[in-house]
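One letter stands for each residue in the lines below.
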Amino acid sequence: MCLKNSADTNLAETNVKSNISRKEQNALKDLSEDSSIIIKEADKGGAIVIMDRDHYKEMVMSQLQDDQFYKKLDQNGDRQTMRRIERLTKKFAGEFTKNEIDYLTHFEVKTSNFYGLPKIHKSKEIQENIKRCENTYIKIPKPSDLKLRPIIAGPSSCTQRLSNLLDLILKPLCKIVPSFIRDDLDFLNYIPEEVQQNTILVSFDVTSLYTNILHYLGLEAVKFWMEKYPTETNERFSKEFILEALQVVLENNHFHFDEQFYLQIKGTAMGTKVAPTYATLVMGYLEEKLYSKLPEIFDETFVQYIRQNWKRYLDDIFIFWNKTEDDLEKFHTVINQLQESIQFTMEMSDRQLPFLDLLLIKDDTKIITDLYCKETDSHQYLDFYSCHPSHTKRNIPYNMARRICTIVTDTTLRLKRLEEFKSYLQKQHYPENLINAGIEKAENIPTSVLRNTRRKDDSEKSDIPFVVTHNPRNHNILRSARRFFPILEQSQNLKDIIKESQIINSRRQAPNLKKILTRARFATLNAKVVKKCCDPRCGTCEYLEEGSEKTLKCGKKLTPNANMTCKSENVIYCITCPTCDENYIGQTGKLNARVRVHKQQIRDPSVRNTPCSEHFATCGKGKFKLFPFYKMHNDCEISRVAKEDYFIKLFNPKLNRK
């Protein structure tokens, strides 16, 4: 559910009632401030998991302490990574435009965060409790078999833009991989209506694929596909650049957890942009090795059979097996010998088996497809009273009913699934006539049309989204913005873009419960303190105020967001006059260097450029007290100045007004 904020009166003249009650707002505040718990979305199924904070930390640390995959660092490695990317762009400068180099090397960098998503769908203990419990929530203190899926979230990390570029370059190679399927709709078009009587449904899954792809193997695989199909990648970028850039992304996966920096030394991060494409090409490369190895054990007919029937989405594989079970066991052994770090688990059934979001059912020789939901699936659809554009909510019944009609082939089973879906939406306050209209519209579309993947024609106008955060109180800003298009059209380039494109109104989602309650960053909630460095040569120690908080003259308190000393960098600080207790707020890249500047300006009127210097010289008699209270997460001066301005407006200190 997205929330409407009734307190914000700047966005509209009229006040609109919030879509959650005051008690619910207070409950959200209490949950977000509760230091004993941590809230995460489940890895699959849409459920929300509330975990004991210490238990969550223990589970994460059990992964990070595995020195086969992660290495603890003494300091942040982002600066060295950016230098490496800059050297890379200089080396291959002829392959880039000026704007592309700027895109890759000049942006505000934020260190990635490590977090884990609870795999409740793989916990037998949780599944058993769900079967016994009819409530919408269950309580299990520290389930013993619960695991976390490691995620490294770095939308603004050093390598993310380079990773995004590599993804665009390499993605066309995926469609060349014989086993590649794009999604469950693509897989539906491979499923036969009938199979042989002896056919077994078989699925394979790779154990922790992303973290088990060795760097040399990944680079070898990408090189293989580029050399085999050189015309599929953009000719502007050389093979040498692509491989070197990929190596930079793989070897510089820095992140932090609980204020400690780490480096992933094996595998690739689940979170970097190129990871799915990279994993697809690596698996395709191993499959090519498999096809060359199989003739040593099986006949050519068997090899062709595997080529035609082996279908894979990332690490999930499915095959209709009409050979013997002995051959299947032998084949399973062969694929586990392809690469020691890549191991396959296997499931099989002669009746039914799930794959992706589908359940494949074998009825004699006929194959029926049904929806598949894990037992831990919460079936939480968007509430009709949520703060979303009305067209989004109106389209949900039709789109979800269309998905059911696309997947579920048996008529009786389809009606059952549609009734279940209807009950889920009714619980979310959708009007019955809206649900029925959506279902009726979906049922009238032939299955052949539903399963047809529409490709955008090159002659169609491209869309340019005009993005604003959704707020029902705002008028249509795009309508007003169109009046200024003639100004843009004074530039011939912009005129051509606007002429050849369709500008569409796009809404950014307002904060929902997940955004309000979940955080990627984790930090132990110990009080942060400011301490003197105690270096006998330090000229800042005598001015530094120690402690875990400081009270301003206005009565408001400052609490440090990190442990800091005289040598801290990229900080916002407060200076206090020892005589009158008036305050001044400033920012600096290096605290000790900034103190030297302040002292010089207090002594020498000719070099003063801050209004507080004269005050400290006269009222303070050359003395002042310094308290750094906010440490930035990057060294961007623009961000630092913006944060300084925010605190000045928040506290309005007298000495900043002079």
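Residues numbered from 1 in each chain as written. Predicted model: local features only at pLDDT ≥ 70, side-chain atom pairs only at ≥ 80, totals over all residues. Heavy atoms only, no water.

Novice: Please explain the overall build of the protein chain as it appears in this structure.
Specialist: Helix and strand content of the protein chain: 24 helices and 21 strands. Principal-axis analysis of the C-alpha atoms gives the protein chain an extent of 95 × 65 × 60 Å. Considering the protein chain as a whole, with its 658 residues, one finds that 45% of them fall into the buried category. Here the contacts in the protein chain between residues at least 6 apart in sequence split such that 73% fall between residues at least 24 apart. Looking at the protein chain, you have 101 positive and 88 negative side-chain charges, and the mean spots of the two groups are 8 Å apart. (Helix = DSSP H or I, 4+ residues; strand = E, 2+ residues; numbered from the N terminus. Buried < 20%, exposed > 50% of the residue type's maximum accessible area, 1.4 Å probe, protein only. Contact = heavy atoms within 4.5 Å. Lys, Arg positive; Asp, Glu negative; His and termini not counted. Charge placed at Lys NZ, Arg CZ, Asp CG, Glu CD.)

Novice: Just to check I follow, could you spell out unusual backbone geometry for this structure?
Specialist: Backbone phi values are negative for most residues with the exception of glycine, while trans is the configuration of most peptide bonds. Here the phi dihedral of His 379 falls at roughly 50 degrees; this positive angle occurs in a residue that is not glycine. Look at His 379 and you get partly exposed, because its relative accessible area is 23%. In this structure, Asn 570 takes a positive phi of about 55 degrees despite not being glycine. Tracing the backbone shows Asn 570 in strand 19 (residues 569-576). Judged by its relative accessible area of 9%, Asn 570 is buried.

Novice: So what exactly am I meant to see when it comes to helix 16 (residues 432-443) here?
Specialist: Given 3.6 residues to a turn, an α-helix orients residues that are three or four positions apart in the same direction. With twelve residues, helix 16 should cover 16 Å at 1.5 Å per step; its first-to-last C-alpha distance of 16 Å lies within 8% of that length. Residues of helix 16 that are buried include every one of Leu 434, Ile 435, Gly 438, Ile 439 and Ala 442, and no others. End-on view of helix 16: buried residues confined to an arc of 130 degrees, all on one side of the axis. Residues of helix 16 that are exposed and point more than 90 degrees away from the buried face comprise Asn 433, Glu 440 and Lys 441. Turning to helix 16, the residues buried within the fold contact helix 14 (390-407) and helix 15 (411-427). (Expected span 1.5 Å × (residues − 1). Arc of directions from axis to C-beta.)

Novice: Sorry, what's going on with the sheet that holds strand 3 (residues 70-73) here?
Specialist: Paired through backbone hydrogen bonds, the strands of a sheet run either parallel or antiparallel to each other. As summarised here, the arrangement of the five strands in space is 3-8-7-4-5, forming an open sheet in which the pairing is mixed. Only two strands of the sheet have a single neighbouring strand rather than two, namely strand 3 and strand 5 (148-153). Mean inter-strand twist for the sheet, computed between neighbouring axes without regard to direction, equals 40 degrees. Sheet strands touched by helix 2 (residues 53-64): strand 3, strand 4 (112-118), strand 5, strand 7 (254-257) and strand 8 (260-264). Its angle to strand 7, the strand with the most contacts, is close to 150 degrees. (Pairing = 2+ DSSP bridges. Axes fitted to C-alpha atoms, helices over the stretch in contact; angles between N-to-C directions.)

Novice: How should the nonpolar core be read in this particular structure?
Specialist: General note: in soluble globular proteins, nonpolar side chains tend to be found buried as a group. Counting 69 residues, the largest nonpolar core has Phe 204, Phe 241, Ile 306, Trp 321 and Phe 331 as its most contacted members. Sorting elements by how many residues they give to this core places helix 11 (residues 275-293) first, with ten residues. Leave out the neighbours within four places in its chain, and Phe 331 touches Phe 204, Leu 290, Leu 294, Phe 298, Phe 302, Ile 306, Trp 310 and Trp 321. (Core = buried A, V, L, I, M, F, W, Y, C linked by side-chain atoms within 4.5 Å.)

Novice: Just checking my understanding: could you explain the packing of helix 6 (residues 160-174) against helix 10 (residues 239-251) for this structure?
Specialist: Relative orientation and spacing of two packed helices are given, respectively, by the angle between their axes and the distance between those axes. It is the contact of helix 6 with helix 10, at a shortest axis distance of 10 Å, that shows an interaxial angle of 135 degrees. With respect to helix 10, the axis of helix 6 lies oblique. Note on packing geometry: the crossing formed by helix 6 with helix 10 is left-handed. For the pair helix 6 and helix 10, the contacting residues are Leu 162, Ser 163, Leu 165, Leu 166, Ile 169 and Leu 170 in the first and Phe 241, Ile 242, Ala 245, Leu 246, Val 248 and Val 249 in the second. Each residue belonging to the contact of helix 6 with helix 10 can be placed in one class, and the counts come to eleven nonpolar, one polar and no charged. (Parallel < 35°, antiparallel > 145°, perpendicular 65-115°, else oblique. Left-handed = near helix turned anticlockwise from the far one by under 90°. Nonpolar A, V, L, I, M, F, W, Y, C, P; charged D, E, K, R; others polar.)

Novice: Just checking my understanding: could you explain the confidence of the model for the protein chain for this structure?
Specialist: The predicted structure's coordinates, where accompanied by low pLDDT, should not be read in detail. For the protein chain, per-residue confidence averages 90 on the pLDDT scale, and 96% of positions sit at 70 or higher. Here residues 6-14 scores under 50 on pLDDT; set against residues more than four positions off or in separate chains, the count is ten contacts. (pLDDT = per-residue confidence, 0-100.)

Novice: Sorry, what's going on with empty space enclosed by the protein here?
Specialist: To locate leftover empty space, one rolls a probe as large as a water molecule over the atoms. Within this structure, the stated rule accounts for two cavities of 30 Å³ or more. Its boundaries defined by the atoms lining it, the largest cavity holds a volume of some 170 Å³. Around the largest cavity, the lining comprises 19 residues; the ones closest to its centre are Ser 112, Ser 157, Thr 159, Asn 253 and Thr 272. Residue classes in the lining of the largest cavity are distributed as five nonpolar, 13 polar and one charged. (1 Å grid on protein atoms, 1.4 Å probe; cavity = no way out; pocket = protein on both sides within 12 Å on 5 of 7 lines; lining within 4 Å. Points joined across faces, edges and corners; volume = space filled by probe spheres on them.)

Novice: Help me understand the packing of aromatic side chains in this model?
Specialist: The description of two aromatic rings rests on the distance between their centres and on the angle between their planes. Inspection of every chain in the model, using the stated rule, returns 38 aromatic pairs. Seen in terms of ring centroids, Tyr 70 and Phe 114 are 5.9 Å apart; in terms of plane orientation they differ by 85 degrees. Their pairing is edge-to-face. Of this pair, Tyr 70 sits in strand 3 while Phe 114 sits in strand 4; the two residues are 44 residues apart in sequence, bridging distant segments of the chain. Residue classification places Phe 114 among the buried positions, given a relative accessible area of 1%. Measuring from centroid to centroid gives 5.0 Å for Phe 224 and Trp 225, while their planes differ by 80 degrees, and the two rings are edge-to-face. An aromatic cluster of at least three residues, connected via ring pairs, comprises Tyr 56, Phe 69, Tyr 70, Phe 114, Phe 255, Phe 257, Tyr 262 and Phe 522. Cation over ring: Lys 393 sits above Phe 384, and NZ or CZ is 5.5 Å from the ring centre. (Phe/Tyr/Trp six-rings, centres within 6.5 Å; stacked < 30°, edge-to-face > 60°. Lys NZ or Arg CZ within 6 Å of the ring centre and 35° of its normal.)

Novice: Explain the pattern of salt bridges to me, please; I cannot follow it from the model alone.
Specialist: Should the charged atoms of two oppositely charged side chains come close, the side chains can pair. The full count for this structure, using the stated rule, is 27 salt bridges. Close ionic contact of Glu 227 with Lys 239 constitutes a salt bridge, the shortest N to O distance being 2.8 Å. Separated by twelve residues along the polypeptide, Glu 227 in helix 9 (residues 215-228) and Lys 239 in helix 10 bring together distant segments of the chain. A relative accessible area of 30% means that Lys 239 is categorised as partly exposed. In this structure, Lys 550 engages Glu 545 in a salt bridge whose closest nitrogen and oxygen atoms are separated by 2.9 Å. Exposure remark for Lys 550: the relative accessible area of 8% places this residue in the buried category. What you see here is one network of salt bridges that share partners, running through Glu 128, Lys 131 and Glu 375. (Salt bridge = Lys/Arg side-chain N within 4 Å of Asp/Glu carboxyl O.)

Novice: Would you mind going over the environment of Arg 149 with me for this structure?
Specialist: Along the chain, Arg 149 turns up in strand 5. With a relative accessible area of 18%, Arg 149 lands in the buried category. Aside from chain neighbours lying at most four places away, what touches Arg 149 is Asp 43, Lys 44, Tyr 115, Gly 116, Leu 117, Lys 119 and Met 270.

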